[in-house]
Amino acid sequence: MQKIKEQLKRHGWFRWLIFRRLTVALIILFQTAAIIYFINSGSVVARVLNVVIAVISAFLALYVINKPMKPAYRLIWVVIILLFPVIGCAFYLLLHLLPSGQRVRKRYAEAERDGRASFDMAEACPPEALGKFGSWIRLAKYLVDFAGFPAYDNTKSDYYSPGEEFLPHLLEDLEKAEKYIYMEYFIVDEGKLTDALFDILEKKAREGVDVRLMYDDIGCFITLPQDFAEKLSRRGINCAVFNPFVPILTSVQNNRDHRKITVIDGKIAYTGGLNLADEYINAYEKHGYWKDAAIRLEGGAAWSFTVMFLEMWSLATGREFQNPHSLPIYEEGERVPGDGLVLPYADSPLDTETVGEHVYMEMIHHASRYLYITTPYFILDDGMLSDLKLSAKSGVDVRIIMPHIWDKKYVHFITRSYYKELITAGVRVYEYTPGFMHAKLFVSDDVAATVGTVNLDYRSLYLHFEDGVFLYGASAVADVKKDFLDTLLESHEITLRDCREKPFMRALSAVMRLFSPLL
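Described below are features of the structure shown in this document. For every chain, the first residue of the written sequence is number 1, and numbering continues from 1 along that sequence. Whole-chain, interface and lining totals are the exception, using all residues; otherwise, since this is a predicted model, local features are given only for residues with pLDDT of at least 70 and side-chain atom pairs are given and counted only at 80 or more. Computation of side-chain values: all heavy atoms of the structure, hydrogens and water removed.

## Here we look at the overall build of the chain
The numbering of helices and of strands both runs from the N terminus, where a helix is a DSSP run of H or I of at least 4 residues and a strand a run of E of at least 2. Secondary structure assignment for the chain yields 18 helices and 17 strands. Throughout this description, buried means an accessible area under 20% of the type-specific maximum (1.4 Å probe, protein chains only), exposed means over 50%, and partly exposed covers the range between. Across the 519 residues in the chain, those meeting the buried criterion constitute 56%. Only heavy atoms matter for contacts: two residues are in contact if any of them lie within 4.5 Å across the pair. Sequence separation of at least 24 residues holds for 81% of the intrachain contacts in the chain that already meet a minimum separation of 6. Counting every atom, the chain has about 22500 Å² of accessible surface; 60% of that belongs to carbon and sulfur. Areas reported here follow the Shrake-Rupley algorithm with a probe of radius 1.4 Å; residue values treat only the protein chains shown as occluding.

Next up, the structure:
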């Protein structure tokens, strides 16, 4: 409430913003109601349509059963289609088979194909050097040989947590930009952080630096005015809105850009859980103290994030992929010494490969002594859940820290429904007592870690554009582990006693778990 009052005071556009968003919501509700009314109107056309859809729903259920998708998705869609054949069939066809989704997939495939040539320019480890990843070579080979992301041994990595530690380093690096600044974020909100940031970006733009900012329209649904991109353009900042929200039922509206990337001259890159809003640096309190993390890369690996950004810029703007044409040029003595192995990766919902999930699964499979995880959400399919429990049962010290103060009550309710079976299997579960845990990281066996944007939920793993960094043997791995252990001291360990629920709540949890893939 305090934040809303501040925005009302500072922004004349805020009331119009709320009005516009409510109008969009009403349009969607009207479309939904119109579909349901027509199908149940009792007219001759509606009766014929009911019979046709009932027949189609039977074949559609068989189609979904045989479709290559996660079992949880198959189950919930089959249940909806068979229980509500008219509405379920109509919504599945609207969400999954409209040609607009196919057009977007084609555009992304073209941008990704063009980006491959730029990845090939990277000063990366040659294939024969992947043996440097030691026993973790299987994950490295998957990311390099199959997913197509280069590995680097010429990059220094620095880990920052919480968000207020990250901001001064980001602003200092932006001040040094000479050629380009590329920024891609899920959420942007005007406040102390962006006031300082946009002043620097405007100054660098006047100096001739190519400054670009891309943000997700849904991520900024209630934080930015409709003409925000135009306002930034007037300040010399090239701005693109990813997947602008259209009040029409379509699957592409589910595919949001959840990445958080900053690239400076192809030499420095940042990623992690931090968006461009004041709560991420605890400039104001939202859901208690906000615990987050970021990773800074200086050296060769920053090039991968340059290419990732340009692929998404091409998709957002509809323009052809723009190759930077040359790698960054380093002056004598400017290069930093390599620090372990660094392997940036990205994930897209528009292909059949769930890269973020595979990275997490491989870390679960490979951990031999310990596996430490922080995540804001925990809503998994049976495969990853079973692997986590099996790892703990096999003697691996598996610990997970999640928020104590949540941002979405229904999500936290589902998350807590997993606690009992995790604890029973030997997984130690904690809640971060001071507030909201938003960092997304895995660290294992003192040698491997991944930091990025991928949450442990269906949306992040299968529906959103995401990114991360896999680190092996880098000094930042020890920093990630230390941060996790320090955070444990501020966290409450959940016991089986804490998991007791009344029968009604257990039944409600089971129902919500069933529908969780659609939430």
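Read on for the rest.
## Some details on the sheet that holds strand β15 (residues 448-452)
Any two strands with at least two DSSP bridges between them are considered paired. Spatially, the 8 strands line up as an open sheet ordered β9-β16-β15-β14-β10-β11-β12-β17, and their pairing is mixed. Only two strands of the sheet have a single partner each, and these edge strands are β9 (341-347) and β17 (491-493). On average, each strand axis in the sheet is tilted by 20° relative to the strand beside it, whichever way the strands run. Sheet topology places β15 next to strand β16 (residues 466-472); 5 bridges connect them, and they run antiparallel. Within the sheet, the bridge partner assigned to V451 lies in β16 and is V469. Fitting a line to C-alpha atoms yields each axis, with helices limited to the stretch in contact; the angle taken between N-to-C directions then spans 0 to 180 degrees. Running at roughly 70° to strand β10 (residues 370-374), helix α17 (residues 475-488) makes contact with β10, β11 (397-403), β12 (428-432), β14 (441-444), β15, β16 and β17 of the sheet.

## A few points about the packing of aromatic side chains
Each pair of aromatic rings taken from Phe, Tyr and Trp, with Trp reduced to its six-membered ring, is defined by centres within 6.5 Å and is described as stacked if the planes are under 30 degrees apart, edge-to-face if over 60, and tilted in the remaining cases. In the structure shown here, the tally under the stated rule is 20 aromatic pairs. Here the aromatic rings of Y360 and F442 are separated by 4.1 Å at their centres, their planes lie at 10°, and the arrangement is stacked. On the criterion of sequence distance, the pair formed by Y360 in helix α12 (residues 355-366) and F442 in strand β14 is long-range, its members being 82 residues apart. Judged by its relative accessible area of 2%, Y360 is buried.

## Re the pairing of strand β8 (residues 294-299)
The buried fraction of β8 amounts to 5 of the 6 residues, a majority that puts the element mostly inside the structure. In the sheet, strand β1 (residues 155-160) pairs with β8 via 6 bridges, with the strands oriented antiparallel. Its bridge partner being in β8, K156 is matched across the sheet by E298. Across 5 bridges, the pairing between strand β6 (residues 268-272) and β8 is antiparallel. From the neighbouring strand, Y270 faces β8, where its bridge partner is R296.

## Some details on the side chain of E184
Here E184 shows up in strand β2 (residues 180-185). No salt bridge is formed by the buried E184. Its closest oppositely charged neighbour is R259, at 4.4 Å. Leave out the neighbours within four places in its chain, and E184 touches M214, D257, R259, K260, I261, F309 and M312. When charges are counted, Lys and Arg are positive and Asp and Glu negative, with His and the chain ends excluded. Any Lys or Arg side-chain nitrogen located within 4 Å of an Asp or Glu carboxyl oxygen qualifies as a salt bridge.

## What to know about the packing of α12 against helix α13 (residues 382-393)
Where α12 meets α13, the closest approach of the two axes is 9 Å, and the angle between their N-to-C directions is 20°. Taken together, the axes of α12 and α13 are roughly parallel relative to one another. Our pair here, α12 against α13, has a crossing hand that is left-handed. Facing E357, Y360, M361, I364 and H365 of α12, the residues of α13 in contact are G383, M384, D387, L388 and S391. Classification convention: Asp, Glu, Lys, Arg as charged; Ala, Val, Leu, Ile, Met, Phe, Trp, Tyr, Cys, Pro as nonpolar; all other residues, Gly among them, as polar. Of the residues assigned to the contact of α12 with α13, the class counts are 5 nonpolar, 3 polar and 2 charged. When an angle is under 35 degrees it counts as roughly parallel; over 145 it counts as roughly antiparallel; between 65 and 115 it counts as roughly perpendicular; any other value is oblique. Crossings are assigned a handedness: left-handed for a near helix turned anticlockwise from the far helix by less than a right angle, right-handed for a clockwise turn.

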